[in-house]
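Breakdown of the fold
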Amino acid sequence: MAGAFIQPAEVLLSKRVQEMVINGEEPPAPYICRDGDATEDDGSVESPIPIVDLSLLSFSGPCGDESEDELRKLQSALCSWGCFQAVGHGIPSSFLDEIRQVTKEFFGQPMEEKKKYAKTVTEFEGYGADPVPEEGQPLDWSDRLFLDVYPEDKQKLKFWPENPKSFRDILKEYTEKMKMVTKLTSKAMAKSLNLDENCFLDQFGEQAPLQARFNYYSRCQRPDLVLGLKPHSDGSGYTIILQDEVGLQILKDDKWYAVPQNPHAILVLMADQMEIMTNGIFKSPVHRVLSNSEKERVSLAVFYTPEAGKEIGPLDDLVSVERPRVFKNVKDYADTHWEYYQRGTRALHTVQV
Ligand SMILES: O=C(O)CCC(=O)C(=O)O
Ligand SMILES: [Fe+2]
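Residues numbered from 1 in each chain as written. Chains lettered and ligands numbered in written order. Predicted model: local features only at pLDDT ≥ 70, side-chain atom pairs only at ≥ 80, totals over all residues.

Comments concerning the overall build of the protein chain
Along its length, the protein chain carries nine helices and 13 strands. Scaling as 2.2 N^0.38, a compact globule of 353 residues should have a C-alpha radius of gyration of about 20 Å, and the protein chain matches this with 20 Å. Put simply, of all contacts in the protein chain between residues at least 6 apart along the chain, 77% involve residues at least 24 apart. (Helix = DSSP H or I, 4+ residues; strand = E, 2+ residues; numbered from the N terminus. Rg over C-alpha atoms; globule rule 2.2 N^0.38 Å. Contact = placed C-beta atoms within 7 Å.)

Structure follows, in structure tokens:
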């Protein structure tokens, strides 16, 4: 609009998307990243993202036929989709429901309560939005609560909600479950590539951090103009996502596929550092979250990242004459990833051989 005052991103980011929705405001210009032609389910095909039963892969003895099949399924999912829907993960469905519930309750509270845990626009941890991106990059139509959850000495409890009352205990319990699931998954992924079962765990390190990002996607009157989360790949090793409604999409062969709603499953999504460690065999897929005019959505993403300062790189057994080394060894790749993310691009090319 000619002459309209456009608020700078840092001003907008000090205000929550949920507040704009409650006030009936249309998305301001810095949030607009789509051309208005997009419909809510544009290009999104109900997707056949593979389902893998982790319980079939959880023993260390010789594999039976069933687990051999499941390992093949796992490997093929990660080479093509870069993700799978995990079932048989050992977390009761009733507990997954509790987490979804407590997340909705947190975001459903009055603004003053949530703002007790507010971050500034330059910080990562706390309640708010991502730090201000580079000029010209769109803002996400969502609010977040970002917390370091493991190792315990990294937890900053001043950012951990005291309400709902059960929030902290549930998050602590979920963190324990995530430690178990990452161990199980890392071993299964190694076995699927005929590698020593501890090879990924050794690269991550025993104190490999877990960070929890609770995402709240408010309803939006103009889902054709904004995205809940812009297209990106993750900078972690891999990420485990729990969702309530559909909205997350995975890019495969230039097409967007919706991650189906499955209340019993968690999505295991490869990130750039697993693509590096597997010498490009497992894919770190680009993904995004659509906005929706009818339903709000919550998700909880847990990022599992190699220890700070630890060098990681393609495993020796995955480098050969037929498959030359694609990536260099790297340390603290997540920092490089973040710099590029803020400019709206990927960082993997910076670590290519
Ligand atoms: O909300 C989701 O389902 C995905 C979240 C995500 O991709 C992220 O936090 O990096
Ligand atoms: Fe992501």
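Having put the structure on the table, let's press on.
Focus: helix α4 (residues 93–108)
Across its 16 residues, α4 extends 22 Å between first and last C-alpha, which sits within 8% of the 22 Å expected from 1.5 Å per residue. Inspection of α4 places L96, I99, V102, T103, F106 and F107 among the buried residues, and these make up the whole buried set. Burial along α4 is one-sided: seen end-on, the buried residues are contained in an arc of 130°. Away from the buried face of α4 by more than 90 degrees, exposed residues S93 and S94 are located. In the core, the buried residues of α4 are packed alongside β5 (143–150), α6 (167–192), β6 (210–217), β8 (238–243) and β13 (297–304). (Expected span 1.5 Å × (residues − 1). Buried ≥ 20, exposed ≤ 12 C-beta atoms within 10 Å, placed from the backbone. Arc of directions from axis to C-beta.)

Focus on the UniProt feature "domain: Fe2OG dioxygenase" (unreviewed entry) in the protein chain
In the UniProt entry, the feature "domain: Fe2OG dioxygenase" (unreviewed entry) is given for residues 208–306. In residues 208–306, helix accounts for 6% and strand for 46%; the two terminal C-alpha atoms are 5 Å from one another. (UniProt positions renumbered as here; feature names shortened; annotations may be inferred.)

A look at the nonpolar core
Ranked by size, the top nonpolar core spans 86 residues in total, and within it C83, F84, V268 and V302 carry the most contacts. Counting residues per element, this core draws most heavily on α6, at seven residues. (Core = buried A, V, L, I, M, F, W, Y, C linked by C-beta atoms within 7 Å.)

Regarding the packing of helix α3 (residues 65–80) against α6
α6 packs onto α3 with a crossing angle of 90° between their chain directions and a minimal axis gap of 9 Å. It follows from the interaxial angle that α3 and α6 lie roughly perpendicular. Note on element contacts: α6 touches α3 through A188, M189, K191 and S192, opposite L71, L74, Q75 and L78. Tallied by class, residues from the contact of α3 with α6 come to five nonpolar, two polar and one charged. (Axes fitted to C-alpha atoms, helices over the stretch in contact; angles between N-to-C directions. Parallel < 35°, antiparallel > 145°, perpendicular 65-115°, else oblique. Nonpolar A, V, L, I, M, F, W, Y, C, P; charged D, E, K, R; others polar.)

Describing the environment of P223
Position of P223 relative to the elements: it lies in the loop between β6 and β7 (227–232). Between the C-alpha atoms of P223 and L290, which are 67 residues apart in sequence, the distance is 7.2 Å.

Considering the site of ligand 1
Taken together, the neighbourhood of ligand 1 is formed by R213, N215, L229, D234, I241, Q243, L248, H287, V289, S299 and A301. Looking at the shell around ligand 1, the elements that each hand over two or more residues are β6, β8, β12 (287–290) and β13. In terms of residue class, the shell around ligand 1 is made up of five nonpolar, four polar and two charged. (Near = placed C-beta within 6 Å.)

Some words on the sheet that holds β6
One open sheet accounts for eight strands, arranged β2-β3-β11-β8-β13-β6-β5-β4; its pairing is mixed. With partners counted over all chains shown, the strands left at the sheet margins are β2 (51–53) and β4 (126–128), one partner each. This sheet shows a mean twist of 25° between the axes of neighbouring strands, independent of strand direction. As judged from the four bridges shared by β8 and strand β11 (residues 266–270), these two strands associate in the antiparallel manner. Looking at the pairing, I240 lines up with V268 of β11. Across the sheet, α3 lies against β2, β3 (83–87) and β11, angled at about 145° from β2, the strand it touches most. (Pairing = 2+ DSSP bridges.)

Topic: the packing of α4 against α6
Running from N to C, α4 and α6 cross one another at 140°; their axes reach a closest spacing of 10 Å. In this view, α4 runs oblique relative to α6, as classed from their interaxial angle. The handedness of the crossing between α4 and α6 comes out as left-handed. Taking contact as the criterion, the partners of E98, I99, V102 and F106 in α4 are, on α6, F167, I170 and Y174. Of the residues contributing to the contact of α4 with α6, the split by class is six nonpolar, no polar and one charged. (Left-handed = near helix turned anticlockwise from the far one by under 90°.)

Points about unusual backbone geometry
In this model, Y150 is joined to P151 through a cis peptide bond whose omega is -5°. With respect to the helices and strands, the residue P151 is situated in the loop between β5 and α6. N163 connects to P164 through a cis peptide bond whose omega is -5°. Its location among the elements puts P164 in the loop between β5 and α6. Positive phi is not limited to glycine here, since D254 has a value of about 65°. Mapped onto the secondary structure, D254 falls in the loop between β9 (248–252) and β10 (255–258). C-beta crowding within 10 Å serves as the criterion here: with 6 such atoms nearby, D254 is assigned to the exposed category. For D332, which is not glycine, the phi torsion reads 50° and is therefore positive. Among the structural elements, D332 can be located in the loop between β13 and α9 (333–342).

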